[in-house]
Amino acid sequence: MADNTLDRVTWWELPAPDLEQSKAFYAAVFGWTYEPFDEHAMIHTPDGEMVGALDGSATGRPGDGIAGYVNVADLEDAQALVVAGGGEVVQARTEIGGDMGWWAAFRDPTGLRVGLCTDQPAA
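The shown structure was predicted, so the numbers you read here are calculated from the model rather than taken from an experiment. (Residues numbered from 1 in each chain as written. Predicted model: local features only at pLDDT ≥ 70, side-chain atom pairs only at ≥ 80, totals over all residues. Heavy atoms only, no water.)

Draft legend 1. Seen up close, the sheet that holds strand β3 (residues 40-44). Pairing within the open sheet is mixed, and its four strands lie in the order β1-β4-β3-β2. Every interior strand has two partners, whereas the edge strands, β1 (13-15) and β2 (33-37), have only one. Taking the axes of each pair of neighbouring strands and ignoring which way they run, one obtains an average angle of 30 degrees across the sheet. (Pairing = 2+ DSSP bridges. Helix = DSSP H or I, 4+ residues; strand = E, 2+ residues; numbered from the N terminus. Axes fitted to C-alpha atoms, helices over the stretch in contact; angles between N-to-C directions.)

Below you can see the structure in the form of structure tokens.
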């Protein structure tokens with residue numbers, strides 16, 4: 001059975017002042033697809049589950065948003081995809097402690113900060 005906790009968190013919304021740029025970036029990094037809903041793009045994981053939304057009506061300054069963490073299978077691969085997509089890694093792999101895994105963070109091309117997490121050690 002596939003691990004359905006990868007490449008997602010629970011429900012949340014990310015502000016996306018440039019909705020099309022945000023959609024393209026997250027599709028390239030996590031394989032997300034979208035369903036339009038008013039000024040939002042409802043996020044679907046590669047397995048089709050709806051988990052959140054990009055909020056195209058957001059008008060806040062770049063970097064405003066939730067402190068969400070996307071669970072990934074390979075932290076370094078995800079960071080490489082972030083950089084390739086025009087984002088910036090702002091926190092490299094860091095141990096959470098207590099055998100809880102590792103985390104990292106990046107900023108997308110619009111400046112939004114997003115976290116990554118994994119229970120997998122570096123290769």
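Draft legend 2. Main features of helix α1 (residues 19-30). Taking 1.5 Å of rise per residue, twelve residues should cover 16 Å, and α1 covers 16 Å from first to last C-alpha, within 8% of that figure. Taken together, the buried positions of α1 are Leu-19, Ser-22, Phe-25, Tyr-26, Val-29 and Phe-30. Looking down the long axis of α1, one finds its buried residues gathered within 130 degrees of arc, a one-sided arrangement. Set apart from the buried face of α1 by more than 90 degrees, the exposed residues are Glu-20 and Ala-28. Downstream of α1 by a residue or two, Gly-31 has a phi angle that is positive, lying close to 75 degrees. (Expected span 1.5 Å × (residues − 1). Buried < 20%, exposed > 50% of the residue type's maximum accessible area, 1.4 Å probe, protein only. Arc of directions from axis to C-beta.)

Draft legend 3. Examining the pairing of strand β6 (residues 88-95) more closely. By the bridge criterion, five bridges tie β6 to strand β7 (residues 102-107) in an arrangement that is antiparallel. The residue bridging Val-89 from the neighbouring strand is Phe-106, located in β7.

Draft legend 4. Layout of the sheet that holds strand β5 (residues 69-71). Read across the open sheet, the four strands follow the order β5-β8-β7-β6; overall the sheet is mixed. Edge positions in the open sheet fall to β5 and β6, since each of these has one partner strand only. When strand polarity is set aside, the average angle formed by the axes of neighbouring strands in this sheet is 20 degrees. Summarising the sheet, β5 and strand β8 (residues 113-118) pair through three bridges and their orientation is parallel. Paired with Tyr-69 across the bridge in β8 is Gly-115. Helix-sheet contacts for helix α2 (residues 75-84) involve β6, β7 and β8, and the interaxial angle to β6 is about 170 degrees. (Contact = heavy atoms within 4.5 Å.)

Draft legend 5. Geometry of the pairing of β7. Between β6 and β7, which follow one another and run antiparallel, lie six residues, and Gly-97 among them has a positive phi close to 105 degrees. Note: β7 against β8, six bridges, orientation antiparallel. The residue bridging Arg-107 from the neighbouring strand is Arg-113, located in β8.

Draft legend 6. Representation of the packing of aromatic side chains. This model, assessed by the stated rule, comprises six aromatic pairs. Judged by centre distance (5.0 Å) and plane angle (85 degrees), the ring pair of Phe-25 and Tyr-26 falls under edge-to-face. Residue classification places Phe-25 among the buried positions, given a relative accessible area of 3%. The interplanar angle of 85 degrees and the centroid separation of 6.4 Å between the aromatic rings of Tyr-69 and Trp-103 together place this pair among those described as edge-to-face. Of the two residues, Tyr-69 sits in strand β5 while Trp-103 sits in strand β7, which places them 34 residues apart along the sequence. Note on Tyr-69: relative accessible area 31%, which makes it partly exposed. Residue class for Trp-103 comes out partly exposed when judged on its relative accessible area of 23%. (Phe/Tyr/Trp six-rings, centres within 6.5 Å; stacked < 30°, edge-to-face > 60°.)

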